[in-house]
Amino acid sequence: MRRESEKEDNMQPIAVGADEAGAPLKEHLAKYLQEHGYEVTDYGNGTEQDYPDVASRVAEAVSNREHDRALLVCGTGLGMAITANKIPGVRAVTAHDSYSAERARKSNDAQVLAMGSRVIAPEAAEKVLDHWLESEFQGGGSTEKVEKIKEIDAEFRGERSESI
Ligand code: RB5
C-alpha cells in the first residue's frame, strides 16, 4: 500500500459490500482502506440480505459508473463474483493470491474484486487487495480481448429469458 502522504493527494473512492459470512473480513478491509486514505462507500454487511442482493446492488453502481472499483466479500468470494458478472459492463473476479489480483487489473480490467472470509486470513487479504488496487489495465494486446468480452456482454444482454 502506498504511503499515507501520497494517498492524501490522490484519495481514491472504492465501494465495499458483504453478506453475513463476509462481514468480518469486509469490516477489516474497509478499515484498512480508510487508514490508507481511500474514500470507502460501504454497502453494508448483508444483514437480512443474501450475497446476490448485495452483489447486484454494488455491481449496478459500478455499471452506472458511480464507482470505478468495488470489493465484495462473502464466504468464498464465488457467489459475489458470479452475481456481479450478471450486471452489464461489470467484470468481477474472485482472487485470493496477489498474482491473480494483479492480472485481474492488468489483463482483464476487472472493476470488482471478490474475496472469501472463509478462504483467506485478513492480513493475507490486505496484500491481495494492495496488488489489485495498485495495478492498472495495461492496454496493448489486452485491449482487444477485453473489447471481445464487452461485445459478448452486449450480444447476450437481455436475450436469454429462460434459466439453465
Ligand atoms: C453463505 O451462505 C455463503 O454461501 C456465501 O457467503 C458465499 O460463500 C457464496 O458464494
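Keep in mind that what you see is a predicted model, and the values were worked out from it rather than measured.

### A word on the overall build of the protein
At step 1: Counting its regular elements, the protein contains seven helices and five strands.
At step 2: For the protein, the succession of helices and strands along the chain, N to C, is α-β-α-β-α-β-α-β-α-β-α-α.
At step 3: Taking 2.2 N^0.38 as the reference for a compact globule, 164 residues should give roughly 15 Å; the C-alpha atoms of the protein span a radius of gyration of 15 Å, in line with that estimate.
At step 4: Expressed along its principal axes, the backbone C-alpha trace of the protein runs to roughly 45 × 40 × 25 Å.
At step 5: Looking at the 164 residues of the protein, the share that counts as buried comes to 43%.
At step 6: Restricting to contacts in the protein with at least 6 residues of sequence separation, those with at least 24 account for 71%.
At step 7: Positive and negative charge centroids in the protein, built from 20 and 31 side chains respectively, lie 5 Å apart.

### What about the nonpolar core?
Taken as a class, soluble globular proteins show a tendency for nonpolar side chains to be buried jointly.
At step 1: Among the nonpolar cores identified, the biggest contains 25 residues, and Ile14, Leu33, Leu71, Leu113, Met115, Leu129 and Trp132 are the most heavily contacted of them.
At step 2: Elements supplying a minimum of two residues to this core: strand S1 (13–18), helix H2 (23–35), strand S3 (70–74), helix H5 (98–106), strand S5 (112–116) and helix H6 (122–133).
At step 3: Apart from the residues lying within four places of it in its own chain, the contact partners of Leu113 are Ala70, Leu71, Leu72, Val93, Ala95, Leu129 and Trp132.
At step 4: Counting residues in each nonpolar core, the second largest holds 19 residues, with Tyr43, Ala59, Val62 and Leu72 among its members.

### Describing the site of the ligand
At step 1: Around the ligand, a shell composed of Asp19, Ala21, Tyr51, Cys74, Gly75, Thr76, Leu78 and Gly79 is seen.
At step 2: Note that an oxygen atom of the ligand is positioned 2.9 Å from one of the backbone N or O atoms of Thr76.
At step 3: In the environment of the ligand, an oxygen atom lies 2.8 Å from a nitrogen or oxygen atom belonging to the backbone of Gly79.
At step 4: Coverage of the ligand by the protein amounts to 67% of the 290 Å² it exposes when considered alone.
At step 5: In the shell around the ligand, the residues fall into four nonpolar, three polar and one charged.

### Some thoughts on the side chain of His36
At step 1: Locating His36 in the fold gives a position in the loop between H2 and strand S2 (39–42).
At step 2: Look at His36 and you get buried, because its relative accessible area is 18%.
At step 3: From its side chain, His36 meets the backbone oxygen of Tyr32 in a polar contact 2.8 Å long.

### As for the side chain of Gln111
At step 1: Mapped onto the elements of the fold, Gln111 is located in the loop between H5 and S5.
At step 2: For Gln111, the side chain forms a polar contact with the main-chain nitrogen of Arg91, separated by 2.6 Å.

### Considerations on the environment of Leu33
At step 1: Here Leu33 lies in helix H2.
At step 2: Between the alpha carbons of Leu33 and Gln12 there is a distance of 9.7 Å; along the sequence they are 21 residues apart.
At step 3: Those residues in contact with Leu33 that sit more than four places away from it in its chain are Met1, Ile14, Val16, Tyr38, Val40, Leu129 and Leu133.

### Here we look at helix H3 (residues 51–63)
At step 1: With 13 residues, H3 extends 18 Å between its outermost C-alpha atoms, agreeing within 8% with the 18 Å of an ideal straight helix rising 1.5 Å per residue.
At step 2: Of all the positions in H3, only Val54, Ala55, Val58, Ala59, Ala61 and Val62 are classed as buried. Looking down the long axis of H3, one finds its buried residues gathered within 150° of arc, a one-sided arrangement.
At step 3: Buried residues along H3 sit against S1, S3, helix H4 (78–84) and S5.

### As for the sheet that holds S5
At step 1: Pairing within the open sheet is parallel, and its five strands lie in the order S2-S1-S3-S5-S4. Each end of this open sheet is capped by a strand with a single partner; those strands are S2 and strand S4 (92–94). On average, each strand axis in the sheet is tilted by 25° relative to the strand beside it, whichever way the strands run.
At step 2: Pairing of S1 with S2, which is carried by four bridges, proceeds in the parallel orientation. When the bridges of S2 are listed, Val16 appears paired with Asp42.

The rules behind each value
- Residues numbered from 1 in each chain as written.
- Predicted model: local features only at pLDDT ≥ 70, side-chain atom pairs only at ≥ 80, totals over all residues.
- Heavy atoms only, no water.
- Helix = DSSP H or I, 4+ residues; strand = E, 2+ residues; numbered from the N terminus.
- Rg over C-alpha atoms; globule rule 2.2 N^0.38 Å.
- Buried < 20%, exposed > 50% of the residue type's maximum accessible area, 1.4 Å probe, protein only.
- Contact = heavy atoms within 4.5 Å.
- Lys, Arg positive; Asp, Glu negative; His and termini not counted.
- Charge placed at Lys NZ, Arg CZ, Asp CG, Glu CD.
- Core = buried A, V, L, I, M, F, W, Y, C linked by side-chain atoms within 4.5 Å.
- Near = heavy atom within 4 Å.
- Polar contact = N/O pair within 3.5 Å; in protein donor to acceptor, adjacent residues only side chain to side chain.
- Areas by Shrake-Rupley, 256 points an atom, 1.4 Å probe, with all protein chains shown as cover.
- Nonpolar A, V, L, I, M, F, W, Y, C, P; charged D, E, K, R; others polar.
- Expected span 1.5 Å × (residues − 1).
- Arc of directions from axis to C-beta.
- Pairing = 2+ DSSP bridges.
- Axes fitted to C-alpha atoms, helices over the stretch in contact; angles between N-to-C directions.

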